[in-house]
Amino acid sequence: LAGAQADVNPDEVASVLWKYFTELGSNAKETVDQLQQAEITKQLNTLLETKLQSANLYAEDLQRRLVPFATQLQARLAQDSQRLKEQIRQELAELRAKLAPYADEVHQQISTNIRQLQAKMSPYAEELRSQVDRGAGELQRVLEPYATELRDRLQDNAESIQASLSPYADRLQQQIDSGVETLKERLTPLADELKAQVGQSVEELRRGLSPYAQEVQDRLNRQLESLTAQMERAAEELRARLAASSEELRAQLSPLAQELRQAAGSDAESLRQRLAPLAQQLDERVGQTLEAFRQQAAPFGEAFGRQLVERLEEVRGKLDSGTAGVEDHLELLEKEVRDKVAAFLSTTQPAEN
């Protein structure tokens, strides 16, 4: 069981609980009853079994502890919800009052930060687009010889084609898998670098606004922590979208190899009839699939930059009006869930073997 506890990601457990909490009704009794039902248990079991396949005793023990913990946590959140709303309202009102004499300077500082962020994001967005195009182009060049080889194989006798078709399909699948993994390796560092830029940008904004909020620094910090959490979540979503697009590319290319394997099982007469159209279409189908991937993934960087600018503009609006939205309240509640889940998991120990 060594290392089993490390396999349980607190954020993943918190995501399961938070998603479940947000789907529940507001009635406290119903909430408790629902938490005792099978759905949350099923979701937690699925997560723990995936992470702890070789540590069933620990997974079972952790699951037994998590359901009562989740019940207690939901009850606590229901009590704290209104308090948090009022706390946010008061903090923003105080922050706005203190910043009001410096409204022009605050506006200018945030506007400057937005321009700086846009300037920083632009090269990354271009690099992401470039890496998507380059990776897709390289994968297309790698797969091109397979279409030529397949057309050449049609000149052989049927028995020779059948004997070589399955190994050929295996090599094609391996090349697709290798190409997709290489593409993901190209794109992941860019998502990491963008996330690092997020933290740097918020810190620059903090330094720029601090002289105007010396007496309410904790209020300002709370708003900027919320901003950081939103921006980092956007960066994680970008990473997930890039990974999902790469896996979608794999899923769309893999049927080519599967069709070849199926053709290998055909009788000699129909083998050429099944292979001839595929040999002619292989290049075109690969090209269309990769072009669709380019069109989908290349703009992700620009969309990410726009999302960050929107978050900064929302902060400017809140400082102007002194009012908070539903998002601020949910942000704090979710942060509390994640903090408490992390603390809970840190106190659990894997069972002795």
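- Going by what an unreviewed UniProt entry lists, the protein is known as Apolipoprotein A-IV and is assigned to Eudyptes filholi.
- The Subunit (unreviewed entry) field of the UniProt record for the protein holds the comment "Homodimer."
- In its Subcellular location (unreviewed entry) section, UniProt records this for the protein: "Secreted".

### A few points about the overall build of the protein
Moving on, step 1. Assigned secondary structure in the protein consists of 10 helices and 0 strands.
Moving on, step 2. Its helices and strands in sequence order give the protein the pattern α-α-α-α-α-α-α-α-α-α, from N to C terminus.
Moving on, step 3. Split into buried and exposed, the 353 residues of the protein put 43% on the buried side.
Moving on, step 4. Of all intrachain contacts in the protein linking residues separated by at least 6 positions in sequence, the fraction that spans at least 24 positions is 86%.
Moving on, step 5. Looking at the protein as shown, the accessible area adds up to about 18,000 Å², and 47% of this sits on carbon and sulfur atoms.

### With respect to the nonpolar core
When a protein is soluble and globular, its nonpolar side chains tend to lie buried together.
Moving on, step 1. Counting 67 residues, the largest nonpolar core has Leu150, Leu165, Leu260, Leu275 and Phe304 as its most contacted members.
Moving on, step 2. Counting residues per element, the ones that place at least two in this core are helix H4 (56–99), helix H5 (103–153), helix H6 (158–209), helix H7 (217–264), helix H8 (268–297) and helix H9 (300–321).
Moving on, step 3. Ranked by the residues each element gives to this core, the list is headed by H6, at 16 residues.
Moving on, step 4. Those residues in contact with leucine 150, other than ones at most four positions away along the chain, are Leu165, Tyr168, Leu260, Leu275, Leu278, Ala279 and Leu282.
Moving on, step 5. Membership of the second largest hydrophobic core comes to 22 residues, among which are Trp18, Leu62, Leu92 and Val341.

### Observations concerning the packing of H7 against H9
Moving on, step 1. It is the contact of H7 with H9, at a shortest axis distance of 10 Å, that shows an interaxial angle of 165°. Regarding the angle of H7 to H9, the classification is roughly antiparallel. Like other packed secondary-structure pairs, H7 and H9 cross with a definite hand, here right-handed. Of H9, the residues touching H7 (which contributes Gln223, Leu227, Gln230, Met231, Ala234, Ala235, Glu237, Leu238, Arg241, Leu242 and Ser245) are Phe300, Phe304, Gln307, Leu308, Arg311, Leu312, Glu314, Val315 and Lys318.
Moving on, step 2. Looking at the contact of H7 with H9 residue by residue, the class counts come to 11 nonpolar, 4 polar and 5 charged.

### Describing the pattern of salt bridges
Moving on, step 1. Applying the stated criterion to the full structure yields 26 salt bridges.
Moving on, step 2. Between lysine 120 and glutamate 204 there is a salt bridge, with the nearest N and O atoms lying 2.9 Å from each other. Linking lysine 120 in helix H5 with glutamate 204 in helix H6, this pair joins segments that are 84 residues apart in sequence.
Moving on, step 3. Residues arginine 206 and glutamate 203 are paired through a salt bridge, measuring 3.2 Å at the closest nitrogen-oxygen approach. You can see arginine 206 and its partner glutamate 203 sitting in helix H6, 3 residues apart, about one turn around the helix.
Moving on, step 4. Residue glutamate 203 is classed as partly exposed on the basis of its relative accessible area, which comes to 32%.
Moving on, step 5. Taken together, the shared-partner salt bridges in this structure form one network comprising Asp177, Glu181, Lys184, Glu247 and Arg250.

### A short note on the environment of arginine 274
Moving on, step 1. Residue placement: arginine 274 occurs in helix H8.
Moving on, step 2. Considering only alpha carbons, one finds arginine 274 and glutamine 262, 12 residues apart in sequence, at a separation of 9.6 Å.
Moving on, step 3. Contact partners of arginine 274, with chain neighbours within four places excluded, come to Gln262, Ala263 and Ser266.

### Quick look at the UniProt feature "coiled-coil region" (unreviewed entry) in the protein
Moving on, step 1. Per the UniProt record, the feature "coiled-coil region" (unreviewed entry) sits at residues 70–105 and 217–248.
Moving on, step 2. Span residues 217–248 is 100% helix and 0% strand, its end C-alpha atoms 46 Å apart.

### Describing H6
Moving on, step 1. With 52 residues, H6 should cover 76 Å at 1.5 Å per step; its first-to-last C-alpha distance of 76 Å lies within 8% of that length.
Moving on, step 2. Along H6, the helix axis deviates most sharply at leucine 165, where the bend reaches about 35°; the proline proline 167 sits within four residues downstream.

### Describing the environment of glutamine 197
Moving on, step 1. One can find glutamine 197 in helix H6.
Moving on, step 2. Spatially, the C-alpha atoms of glutamine 197 and lysine 120 are 7.8 Å apart, while their sequence positions differ by 77 residues.
Moving on, step 3. Beyond its immediate sequence surroundings of up to four residues, glutamine 197 is in contact with Lys120, Met121 and Tyr124.

### Digging into the packing of aromatic side chains
Moving on, step 1. Following the criterion strictly, the structure yields 3 aromatic pairs and no others.
Moving on, step 2. Ring plane angle 15° and centroid distance 4.3 Å describe the contact between phenylalanine 69 and phenylalanine 344, whose orientation is recorded as stacked. Taken together, the residues phenylalanine 69 in helix H4 and phenylalanine 344 in helix H10 (residues 326–347) connect sequence positions 275 residues apart. In this structure, phenylalanine 69 and phenylalanine 344 share a single accessibility class: buried.
Moving on, step 3. Between tyrosine 146 and tyrosine 168, the aromatic rings sit 5.8 Å apart at their centres with planes inclined by 55°, giving tilted as the arrangement. Separated by 22 residues along the polypeptide, tyrosine 146 in helix H5 and tyrosine 168 in helix H6 bring together distant segments of the chain. This pair shows no difference in class: tyrosine 146 is buried, exactly as tyrosine 168 is.

Reading the values: the criteria
Residues numbered from 1 in each chain as written. Predicted model: local features only at pLDDT ≥ 70, side-chain atom pairs only at ≥ 80, totals over all residues. Heavy atoms only, no water. UniProt positions renumbered as here; feature names shortened; annotations may be inferred. Helix = DSSP H or I, 4+ residues; strand = E, 2+ residues; numbered from the N terminus. Buried < 20%, exposed > 50% of the residue type's maximum accessible area, 1.4 Å probe, protein only. Contact = heavy atoms within 4.5 Å. Areas by Shrake-Rupley, 256 points an atom, 1.4 Å probe, with all protein chains shown as cover. Core = buried A, V, L, I, M, F, W, Y, C linked by side-chain atoms within 4.5 Å. Axes fitted to C-alpha atoms, helices over the stretch in contact; angles between N-to-C directions. Parallel < 35°, antiparallel > 145°, perpendicular 65-115°, else oblique. Left-handed = near helix turned anticlockwise from the far one by under 90°. Nonpolar A, V, L, I, M, F, W, Y, C, P; charged D, E, K, R; others polar. Salt bridge = Lys/Arg side-chain N within 4 Å of Asp/Glu carboxyl O. Expected span 1.5 Å × (residues − 1). Bend = angle between axes of the 7 residues up to and from the residue. Phe/Tyr/Trp six-rings, centres within 6.5 Å; stacked < 30°, edge-to-face > 60°.

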